[in-house]
Amino acid sequence: MTEEEQTTGAYLVIQMGPVGKRVELWKESTSIGRSRDCDIFLADITVHRKQASIIWTIAGYVLRDDNGSSDSFVNGRAVQEQLLRNGDQLLFGNSKITFHANEGTRPFQLPVSRGHELQIGKLLDAHPPAAAHLELMSGHAMVRRIDLFDTVTIGRSSECDVFLEDLAVSRLHATIKELPSGEYEVVDNGSATGTRVNGRAVKHSVLHDGDVIQVGASTFTFRTSHA
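Just so you know, the residues in each chain are numbered from 1, in the order the chain's sequence is written. Only residues with pLDDT of 70 or above have their local features reported here, since the model is predicted, and side-chain atom pairs are shown and tallied only from 80 upward, although totals for entire chains, interfaces and linings are computed over all residues. As a convention, hydrogens and water are excluded, and side-chain values are obtained from all of the structure's heavy atoms.

Caption draft 1: Local environment of the nonpolar core. Within the largest apolar cluster, 24 residues are counted, with the highest numbers of intra-cluster contacts made by L134, L148, I176, L207, I213, F220 and F222. Per the convention used, a helix needs a DSSP run of H or I reaching at least four residues, while a strand needs a run of E reaching at least two, with both numbered from the N terminus. Residue assignment for this core shows that the elements contributing at least two residues are β12 (132-138), β13 (141-148), β14 (151-155), β16 (174-178), β17 (184-188), β21 (212-215) and β22 (218-224). When residues of this core are assigned to their parent elements, the largest contribution, three residues, is made by β12. In this view, I176 contacts L134, L148, D150, T151, V152, I154, Y184, E185, V186, L207 and I213; residues no more than four positions away in its chain are not counted. For the purposes of this section, nonpolar cores are sets of buried Ala, Val, Leu, Ile, Met, Phe, Trp, Tyr and Cys residues that join through side-chain atoms within 4.5 Å. Three exposure classes are used, based on accessible area relative to the maximum for each residue type with a 1.4 Å probe and protein chains only: buried under 20%, partly exposed in between, and exposed over 50%. Contacts are residue-level and defined by heavy atoms, with any inter-residue pair within 4.5 Å sufficient.

Right, here's the structure in full:
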């Protein structure tokens, strides 16, 4: 993806006294710091010259601390690397920044079981512990955990439980469902590019702990709680 093609609609609001300055995120990597070479220049002596970067990934935008001194904060917590959510409050030195994401750049919503509605901003205490989950991988690192309940849909439609903004992904690409035996099965819904498990194209496949599922450019590892 070139910088010209990066049009996600995500942006930052930098607090400058009683007003805020809006900065669009249009690059795959946006640098932040006190150096004028940074994409976002902060005239704040408490900020390092090369403080942090905000990086576009298949999971959304990730904040990475580039100084190594744990001086980058998200919602009051020092971080080295953090997947950003809409409304997250970033703090570098004395500089306060709010991250805003449009629908396509928000992290995946958690799949919900039947009879339970997802309430944004509330604890999901009503959910029983998930028997299995997916780990969204970036290289060898997990960047997102997605709990699995009865049925979870994956696709390019924003109505899917796992929404992937990827042109190689069909609107309703695949479904992961719990079988009466308690096992989980992934089903390809006639997608244009197919669904792969451990590198093999499948129409449907019972999943085992450690199986790697590929949908478009996204890779998930299937995990069971009893493994």
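This is not the end of the story, as more comes after the structure.
Caption draft 2: Geometry of the side chain of D88. Here D88 lies in the loop between β9 (81-83) and β10 (89-92). In this structure, D88 is buried with no salt-bridge partner, the nearest side chain bearing the opposite charge being R85 at 6.0 Å. Whenever a nitrogen or oxygen atom comes within 3.5 Å of another N or O atom, the pair is scored as a polar contact, on the condition that within protein one atom can donate a hydrogen and the other can accept it, and that pairs from neighbouring residues in sequence are kept only if both atoms are in side chains. Within the local environment of D88, its side chain forms a polar contact with the side chain of N75, the two groups lying 3.0 Å apart. Look past the residues within four positions of D88 in its chain and what remains in contact with it is V74, N75, L83, I97, T98 and F99. Charged-residue counts in this description rest on Lys and Arg as positive and Asp and Glu as negative, His and the chain ends being excluded. Within this document, salt bridges are pairs made up of a side-chain nitrogen of Lys or Arg and a carboxyl oxygen of Asp or Glu, the two lying within 4 Å of each other.

Caption draft 3: Geometry of the side chain of S157. Along the chain, the position of S157 falls in the loop between β14 and β15 (162-163). For S157, a relative accessible area of 8% puts it in the buried group. Not counting residues up to four positions away in its chain, the partners in contact with S157 are F163 and R171.

Caption draft 4: Region of interest: the pairing of β10. Side chains L90 and F92 project from β10 onto a buried face, and the interleaved Q89 and L91 project onto a face without burial. Pairing between two strands requires that DSSP report at least two bridges joining them. The pairing of strand β7 (residues 72-74) with β10 spans three bridges and is antiparallel. Note on β10: the bridge partner recorded for F73 is L91. Looking at chain direction, β10 and strand β11 (residues 95-100) are connected through four bridges and run antiparallel. Considered in β11, the bridge of F92 is made with S95. With antiparallel pairing between neighbouring strands as the criterion, β10 and β11 make up a hairpin whose turn holds two residues, including G93 at a positive phi of roughly 60°.

Caption draft 5: A look at the sheet that holds β16. Taken in spatial order, the five strands line up as β15-β14-β16-β17-β20 in an open sheet, and their pairing is mixed. Since the sheet does not close on itself, it has two edges, and those belong to β15 and β20 (204-206), each with one partner. For β16 and β17, the ladder comprises five bridges, and the chain directions are antiparallel. Residue I176 lies in a different strand from β17, and its bridge partner there is V186.

Caption draft 6: Up close: the pattern of salt bridges. What the rule picks out here adds up to six salt bridges. Of the charged contacts, one joins E24 and R22 as a salt bridge, the two residues approaching to 2.6 Å between their closest N and O atoms. One salt bridge connects D39 with K27, and the closest N-O pair in it is separated by 2.9 Å. Taken together, the residues span a long stretch of sequence, with D39 in the loop between β3 (29-33) and β4 (40-41) and K27 in the loop between β2 (19-24) and β3 at a distance of 12 residues.

Caption draft 7: Local environment of the pairing of β14. With four of five residues buried, β14 is to be regarded as a mostly interior element. Summarising the sheet, β14 and β16 pair through four bridges and their orientation is antiparallel. Across the sheet, residue T151 finds its bridge partner in β16, namely K177. Of the pairings in the sheet, the one linking β14 to β15 comprises two bridges and is parallel in character. The residue of β15 that forms the bridge with G155 is F163.

Caption draft 8: A look at the packing of aromatic side chains. Ring pairs shown here join Phe, Tyr and Trp side chains whose ring centres sit within 6.5 Å, with only the six-membered ring taken for Trp; geometry is labelled stacked below 30 degrees between planes, edge-to-face above 60, and tilted in between. Across all of its chains, the model carries three aromatic pairs by this definition. Both rings, one in Y184 and one in F222, keep their centres 6.0 Å apart while their planes meet at 55°; by these two values the pair is tilted. With a gap of 38 residues between them, Y184 in strand β17 and F222 in strand β22 connect regions that are remote in the sequence. Note on accessibility: Y184 and F222 belong to one class, buried. Ring-pair connections join several aromatic residues into one group, and the members of that group are W56, Y61 and F99.

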